[in-house]
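Fold and contact review
Below are the chains, spelled out letter by letter.
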Amino acid sequence: FGRGGHTCALLERYPQLTAIGVDRDTVAINYAKENFGSLIEANRLQMFHGSFAEYIAVEENQAPGFDLILLDLGVS
């Protein structure tokens, strides 16, 4: 998820879109909660602290299908 720029641009452009932000960095999770709280409250953005593999393992029986997966594979 990082700073959420790509995700939030998509959410702004497509009002019917919902997203799940996944990040292993607690700073990124807290940043999302502080800066995109309205999207979280509107159930358009859900945040998960961990890796994508961990998300799938936790949500294995409940994970929704995905129409799009955006991977930001930065090195930071």
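Keep in mind it's a predicted model, so treat the numbers as computed, not measured. The numbering scheme is per chain: residues are counted from 1 as the chain's sequence reads. Only residues with pLDDT of at least 70 are given local features in this predicted model, and only at 80 or more are side-chain atom pairs given and counted; all residues enter the totals for whole chains, interfaces and linings. Hydrogens and water molecules were not included; the side-chain quantities draw on all heavy atoms of the structure.

The subject of this paragraph is helix α1 (residues 5-13). Whether a residue is buried, partly exposed or exposed follows from its accessible area with a 1.4 Å probe, protein chains only, as a fraction of its type maximum: under 20%, in between, or over 50%, in that order. In this description a helix means any DSSP run of H or I spanning at least four residues, a strand means any run of E spanning at least two, and both kinds are numbered starting from the N terminus. Within α1, burial applies to T7, C8 and L11. Angularly, the buried residues of α1 cover 90° about the axis, an arc narrow enough to put them on a single face. Exposed residues lying more than 90 degrees from the buried face of α1 are G5, H6, E12 and R13. Next to the buried residues of α1 lie β1 (19-23), α3 (37-41) and β2 (45-49). It is the directions from the helix axis to the C-beta atoms that the arc portrays. Whether two residues are in contact is decided by their heavy atoms: any pair within 4.5 Å suffices.

Here we take up the nonpolar core. For our purposes a nonpolar core is just a set of buried Ala, Val, Leu, Ile, Met, Phe, Trp, Tyr and Cys residues, chained together by side-chain atoms within 4.5 Å. Residues F1, C8, L11, A19, I29, A32, F36, L39, L45 and M47 constitute the largest nonpolar core, which totals 10 residues. For I29, the residues in contact, after removing those within four places along its chain, are D23, M47, F48 and H49.

This part takes up helix α2 (residues 26-35). Within α2, burial applies to A28, I29 and A32. For α2, the angular spread of the buried residues around the axis is 100°, confining them to a single face. Pointing more than 90 degrees away from the buried face of α2 are the exposed residues K33 and E34. Check the buried side of α2 and you find it contacts β1, α3 and β2. The distance from a side-chain oxygen at the start of α2 to the backbone nitrogen of V27 is 2.9 Å, and the residue carrying that oxygen is D25. Contacts described as polar in this section are N or O atom pairs within 3.5 Å, which, within protein, must combine one atom able to donate a hydrogen with one able to accept it, while residues neighboring in sequence count only if both atoms come from side chains.

Time to look at the packing of aromatic side chains. What counts as a ring pair is set by centres within 6.5 Å for rings of Phe, Tyr and Trp (its six-membered ring), and what kind of pair is set by the plane angle: stacked under 30 degrees, edge-to-face over 60, tilted for all other angles. This model, assessed by the stated rule, comprises 4 aromatic pairs. Ring plane angle 25° and centroid distance 6.4 Å describe the contact between F52 and Y55, whose orientation is recorded as stacked. In this pair, F52 and Y55 are both assigned in helix α4 (residues 52-58), 3 residues apart and thus about one turn of the helix distant. With a relative accessible area of 2%, Y55 lands in the buried category. Grouped by ring-pair contacts, the aromatic residues F1, Y31 and F36 constitute a single cluster. Stacked on the ring of Y31, the Lys or Arg R3 has its end atom at 4.4 Å from the ring centre. Look at NZ for Lys and CZ for Arg. If either is within 6 Å of the ring centre and within 35 degrees of the ring normal, a charge sits over the ring. Positioned above the aromatic ring of Y14 is the side chain of R13, whose terminal nitrogen or guanidinium carbon lies 5.0 Å from the ring centre.

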